[in-house]
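Spelled out from the first residue to the last, the chains are:
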Amino acid sequence: MALSVYALVQMTDYMFHIPENQAVAYFAFFGTVIGYNFVKYDGLVRTKKVQMRNSLKVIILFSVFSFFAVGYFFFQLQRITQMVSVAFLALTLLYTLPFFPNRRNARNWAGVKIYIVALCWVGVTLVLPILNAEITITTDFYLKCVQRFLLVFVLILIFEIIDLANDDPHLQTVPQQIGVKRTKILGLILLSVFYVLEFLKTNLDSKQLIVNLILVSVIVFFLLFANEKRSKYYTSFWVESVPIFWWILLMIF
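These numbers come from a predicted model, not from an experiment.

The rules we used
- Residues numbered from 1 in each chain as written.
- Predicted model: local features only at pLDDT ≥ 70, side-chain atom pairs only at ≥ 80, totals over all residues.
- Heavy atoms only, no water.
- Buried < 20%, exposed > 50% of the residue type's maximum accessible area, 1.4 Å probe, protein only.
- Helix = DSSP H or I, 4+ residues; strand = E, 2+ residues; numbered from the N terminus.
- Arc of directions from axis to C-beta.
- Phe/Tyr/Trp six-rings, centres within 6.5 Å; stacked < 30°, edge-to-face > 60°.
- Contact = heavy atoms within 4.5 Å.
- Salt bridge = Lys/Arg side-chain N within 4 Å of Asp/Glu carboxyl O.
- Core = buried A, V, L, I, M, F, W, Y, C linked by side-chain atoms within 4.5 Å.

**Side note on helix α11 (residues 242–252)**
Moving on, step 1. When α11 is considered as a whole, its buried residues turn out to be V242, P243, W246, L249 and L250. Here the buried residues of α11 occupy an arc of 115 degrees about the axis, which is enough to place them on one side. Residues of α11 that are exposed and point over 90 degrees away from its buried face: M251 and I252.

**Structural notes on the packing of aromatic side chains**
Moving on, step 1. As enumerated under the stated definition, the model contains 20 aromatic pairs in all.
Moving on, step 2. Centre to centre, the rings of Y72 and F73 are 5.0 Å apart; their planes meet at 75 degrees, and the pair counts as edge-to-face.
Moving on, step 3. Residue Y72 is classed as exposed on the basis of its relative accessible area, which comes to 53%.
Moving on, step 4. Summarising the aromatic geometry, the rings of F194 and W246 are spaced 6.1 Å apart at their centres and angled 65 degrees between planes, so their arrangement reads as edge-to-face. With F194 in helix α8 (residues 180–197) and W246 in helix α11, the pair connects residues that are 52 residues apart, well separated along the chain.

**Focus on the environment of L91**
Moving on, step 1. With respect to the helices and strands, the residue L91 is situated in helix α4 (residues 79–96).
Moving on, step 2. Placed 26 residues apart in sequence, L91 and V117 show a C-alpha to C-alpha distance of 9.3 Å.
Moving on, step 3. Those residues in contact with L91, other than ones at most four positions away along the chain, are I116, L119 and C120.

**Details of the pattern of salt bridges**
Moving on, step 1. Tallied over the entire structure, the rule returns two salt bridges.
Moving on, step 2. In this structure, K201 and E198 form a salt bridge, with 3.5 Å as the shortest nitrogen-oxygen distance. There is no split in this pair, since K201 and E198 are both buried.
Moving on, step 3. Each of K144, E198 and K201 takes part in salt bridges that share partners, so that together they form one network.

**Digging into the nonpolar core**
Moving on, step 1. Of all hydrophobic cores here, the largest spans 69 residues; its most connected members are I158, I219 and W246.
Moving on, step 2. Beyond its immediate chain neighbours, meaning those up to four positions away, W246 contacts L8, M11, M15, R148, L151, F194, Q208, V211, N212 and L215.

**Digging into the environment of L190**
Moving on, step 1. Locating L190 in the fold gives a position in helix α8.
Moving on, step 2. Leaving out residues up to four positions away in the same chain, L190 has contacts with L150, F153 and V154.

Below, the structure is given as structure tokens:
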């Protein structure tokens, strides 16, 4: 997942012609390691539902290293980028920890999870690089924000279809609310919007259109063949690697 975030930052650099911007890319990479591990293991460790196996100790050790790396790259960012990154950190904590009395964390709020995750991905992989490079905000920026949100949203839909049998019914995920078939139709519609938005850019890039078409075709394949019986590697490896595949496609073209 961290590699996917890194790849999307690199995509942003290419799309907006941002020169050397590795501080943001590495900050996003190591920040994702910390955020993902915190979200996944914090509750289990605090409630002592898992034992401190060697594998978990390695994960904690790598997370500690990532924490210091995040701190190092954080102080290489512009002040405005630092402030906005703290805001997204707060959103991640809200997603994980129950801040409000008698309320569960935002991860368990009915129907909210998918929007928070997609928003965080847009913020870290698109907003932060633009702010740090002091790029002028134009219509293209807002178009890319919508595109990035739609892309992540559809990828999460695939996760929700795969996890349908195990998710708490109270989560009210999209497949739980409208069914698998309609979720897939929704995903196809959103992917169509994602692709069409590319034509609204100020400077149309023919190579980007080809790359995006291949990307959409691959995601459509994953979406149509998603079901509850798929292996966990269907999402945790193949679907999560889609942003990396997108970046590689761009480098090839």
